[in-house]
Amino acid sequence: MKRNHDKIAIYEQSDFEGMRKAGRLAAEVLDYITDYVEPGVSTEYLDNLCNEYILAHGGISACINYHGYPKYTCISANHVICHGIPSAEQKLADGDIINIDVTVIVDGWFGDTSRMYYVGKPKIKAARLCDVTYECMMRGIDVVKPGAHFGDIGAVIEEYAHKYGYSVVDMFCGHGVGKVFHDNPNVMHCGRKGTGPMIEEGMIFTIEPMINIGRKDGLILANGWTAVTRDKSLSAQFEHSLGVTKDGAEVFTYSPKGLDRPPYKK
């Protein structure tokens, strides 16, 4: 690994194998937890199940004790933008939408991914938000290739979200990943084409847009972690880890079972 003039890590293509293993495990965790997302279960129950699966399959959670974070995953429901802390008291209700965010460490490599889940039957507006957010992420991934700019990612995400009247959260962003949990660059989900650092082969980073039905503004709760929408509007997020190849991108965190977006057939 080396770093370019923007201090962004450039990995060898041979390093991608480590990310494939870490990314696959992270995706398998989200596949595994799908059947347990039901009305009445607690977010702590889901968190513990995820950790048990991670440990049983040769990984460890990167989240637990990261800057004092107290749980193994982040589980964010409804108007929570991100970093929802699982708890025994928080029980899922029919119609909720939740994001489960998992980061695992396998042999020193970090696999980071998240998906939205429906709890029971979602409202039409919630399901549409999830669909648009997933498409925002995929459109961002589609523009990744050597010679493009990081601003290109944010531009296509913002353009698509605004088409539906949604806002793009700008208080959080994607990030470099690989041998480090959070690294350069910051990957903004809004911006202008042709701006920002140039994308180079060997870069590894996440794209993880957070899209709100209402305003983009958020606030951090007293726990110091959980971000919520100020106007209590619904928020959704999807996340993939990917590496830049000579002609595009390799996504490391696709679902092995094809469960990349809801609804997930059981």
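So, a few notes on the structure that sits alongside this text. (Residues numbered from 1 in each chain as written. Predicted model: local features only at pLDDT ≥ 70, side-chain atom pairs only at ≥ 80, totals over all residues. Heavy atoms only, no water.)

## Examining the pattern of salt bridges
It is possible for side chains bearing opposite charge to pair when their charged atoms get close. Scanning all chains against the criterion turns up 10 salt bridges. The salt bridge involving Lys216 is made with Asp170; its shortest N-O contact spans 2.8 Å. Residue Lys216 is located in the loop between strand 12 (210–212) and strand 13 (218–220), and its partner Asp170 is located in the loop between strand 8 (167–168) and strand 9 (174–176); the two are separated by 46 residues in the primary sequence. A network of salt bridges, in which partner residues are shared, links Glu17, Arg20 and Glu250. (Salt bridge = Lys/Arg side-chain N within 4 Å of Asp/Glu carboxyl O. Helix = DSSP H or I, 4+ residues; strand = E, 2+ residues; numbered from the N terminus.)

## Some thoughts on the environment of Gln13
Residue position: Gln13 is located in the loop between strand 2 (9–10) and helix 1 (16–33). A relative accessible area of 32% places Gln13 in the partly exposed class. Taking the C-alpha atoms as reference points, Gln13 and Tyr166, 153 residues apart in sequence, are found 37 Å from one another. Here Gln13 is in contact with Glu201, Gly202, Val244 and Thr245, once residues within four sequence places are set aside. One polar contact links Gln13 to Glu201, side chain to side chain, over a distance of 3.4 Å. Here Val244 takes part through its backbone oxygen, which lies 3.4 Å from a polar atom of the side chain of Gln13. (Buried < 20%, exposed > 50% of the residue type's maximum accessible area, 1.4 Å probe, protein only. Contact = heavy atoms within 4.5 Å. Polar contact = N/O pair within 3.5 Å; in protein donor to acceptor, adjacent residues only side chain to side chain.)

## Comments concerning the pairing of strand 11 (residues 204–207)
Side chains Ile204 and Thr206 project from strand 11 onto one buried face, and the interleaved Phe205 and Ile207 project onto a second face that is buried too. Two strands pair when backbone bridges link them, and strand 11 and strand 16 (residues 240–244) are joined in this way by four bridges, in the antiparallel orientation. Among the inter-strand pairings, Phe205 is bridged to a residue of strand 16, identified as Leu242. (Pairing = 2+ DSSP bridges.)

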